[in-house]
Amino acid sequence: MTLGIVAALHEEIADLLAEMAPGAHVEHIGMRDYHVGKLHGHDCVIVLARIGKVAAAATTTALIHRFDVDEIIFTGLAGGLAHGLSVGDVVVADTFVQHDMDASPLFPRFEIPLLGRAAFDTAPALRDALAQAACDWLAEEMPAQVGAALRAELQITAPRVHVGKIASGDRFVSSAQEVDRLRDALPEALAVEMEGAAVAQVCHEYGIPFAVMRTLSDAADDDAHVDFARFLREVASRYSHGILRRFLTARQA
């Protein structure tokens, strides 16, 4: 059983790469480095996809064809859409939709042409295991990994795990107007990012189980400015590393 682990930004996988067992090797394909080896007792391929749906789809396809992975996990950042979410919360996807897919009037808005569907489901077993790992890590390890001063500055008080729909698109959503438009169009969506729905479509077409977890760097109800680079380096990278380590360790039990 081989697991593919994918992220859009280097910081989200750097600590996992450092933990790979001796003997890991790198294969360079399509301008990407695929790190192949053992991680906490599991056969893994870890790769930086880069940002956007095309990059994510190309990387996912290579994982399936070249490395014959059995399942895939994507980890990274997202922006909050739903009311009540907070910076530092984790969203684990149960479904994905491409918010910028619109082939109307030939097809309904959001529907993927010729597939007859707009939403793609994650694998329940992977999703549930990832959500449990996130819950356990937030409760037991996060306070020691993310300093109290930084948590206070970002107003990370009691971070929670949410399971629900995530919307993806090739646009960085950064304004209240864009958030409002997405809320109106996709009222069930909890978060927005730029890769997950592409992974979802490729995995659907190839029959590969997958799951996605996202750390919220901003929330729709939050007007505070977040230093994105600092949040990525000091918060999101530790979330990705800690939760995925917990996920892999639990699978060994």
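The name that an unreviewed UniProt entry assigns to the chain is adenosylhomocysteine nucleosidase, with the source organism given as Pandoraea communis. Taken from UniProt, the Pathway (unreviewed entry) comment for the chain reads in full: "Amino-acid biosynthesis; L-methionine biosynthesis via salvage pathway; S-methyl-5-thio-alpha-D-ribose 1-phosphate from S-methyl-5'-thioadenosine (hydrolase route): step 1/2."

Q: Whenever I open this one, helix α7 (residues 196-206) confuses me. Can you help?
A: Note on helix geometry: an α-helix contains 3.6 residues per turn, so any two residues three or four positions apart are oriented the same way. When you tally the buried positions in α7, you get eight out of 11 residues, the bulk of the element. Where α7 is concerned, the buried positions are Gly 196, Ala 197, Ala 198, Val 199, Ala 200, Gln 201, Val 202 and Cys 203. Phi turns positive one or two residues past the end of α7, at Gly 207, with a value near 70°.

Q: I keep staring at the packing of aromatic side chains and nothing clicks. Help me out?
A: Centre distance and the angle of the planes are the two values used to describe a pair of aromatic rings. All told, the structure shown has four aromatic pairs when counted by the stated rule. Arranged with centres 6.3 Å apart and planes meeting at 35°, the rings of Phe 96 and Phe 210 form a pair that is tilted. Pair noted here: Phe 96 is in strand β6 (residues 90-98) and Phe 210 is in strand β10 (residues 210-218), with a separation of 114 residues, a long-range link. The same class applies to Phe 96 and to Phe 210, which are both buried. Note that Arg 66 overlies the ring of Phe 67, its terminal NZ or CZ placed 5.3 Å from the centroid.

Q: Would you explain the environment of Leu 3 in this entry?
A: By the secondary structure assignment, Leu 3 is in strand β1 (residues 2-7). In this structure, the C-alpha to C-alpha distance between Leu 3 and Asp 70, residues 67 residues apart in sequence, is 6.1 Å. Among all residues touching Leu 3, those that are not within four sequence positions of it are Asp 43, Cys 44, Val 45, Val 69, Glu 71, Ile 72, Ile 73, Phe 247 and Leu 248.

Q: Please explain the pairing of β6 as it appears in this structure.
A: Looking along a regular strand, one sees the side chains alternate between the two faces of the sheet. With eight of nine residues buried, β6 lies mostly within the body of the structure. In the sheet, β6 pairs with strand β8 (residues 161-168) via eight bridges, with the strands oriented parallel. Within the sheet, the bridge partner assigned to Ala 93 lies in β8 and is Gly 164. By the bridge criterion, three bridges tie β6 to β10 in an arrangement that is antiparallel. Note on β10: the bridge partner recorded for Val 90 is Thr 215. Relative to strand β7 (residues 120-121), β6 runs antiparallel, the two being bridged by two bridges. Following the sheet pairing, Phe 96 is matched in β7 by Phe 120.

Q: Please explain unusual backbone geometry as it appears in this structure.
A: Working note: non-glycine residues mostly have negative phi, and peptide bonds are mostly trans. Residue Pro 105 is reached from Ser 104 by a cis peptide bond, and omega for that bond is 10°. Counting through the fold element by element, Pro 105 comes out in the loop between β6 and β7. Although it is not a glycine, Arg 50 adopts a positive phi angle of roughly 80°. Inspection of the secondary structure puts Arg 50 in the loop between β4 (42-48) and α2 (53-67). In this structure, Asp 68 is a non-glycine residue whose phi angle is positive, near 55°. Considering the arrangement of structural elements, one finds Asp 68 in the loop between α2 and β5 (71-80).

About the cut-offs
Residues numbered from 1 in each chain as written. Predicted model: local features only at pLDDT ≥ 70, side-chain atom pairs only at ≥ 80, totals over all residues. Heavy atoms only, no water. UniProt positions renumbered as here; feature names shortened; annotations may be inferred. Buried < 20%, exposed > 50% of the residue type's maximum accessible area, 1.4 Å probe, protein only. Helix = DSSP H or I, 4+ residues; strand = E, 2+ residues; numbered from the N terminus. Phe/Tyr/Trp six-rings, centres within 6.5 Å; stacked < 30°, edge-to-face > 60°. Lys NZ or Arg CZ within 6 Å of the ring centre and 35° of its normal. Contact = heavy atoms within 4.5 Å. Pairing = 2+ DSSP bridges.

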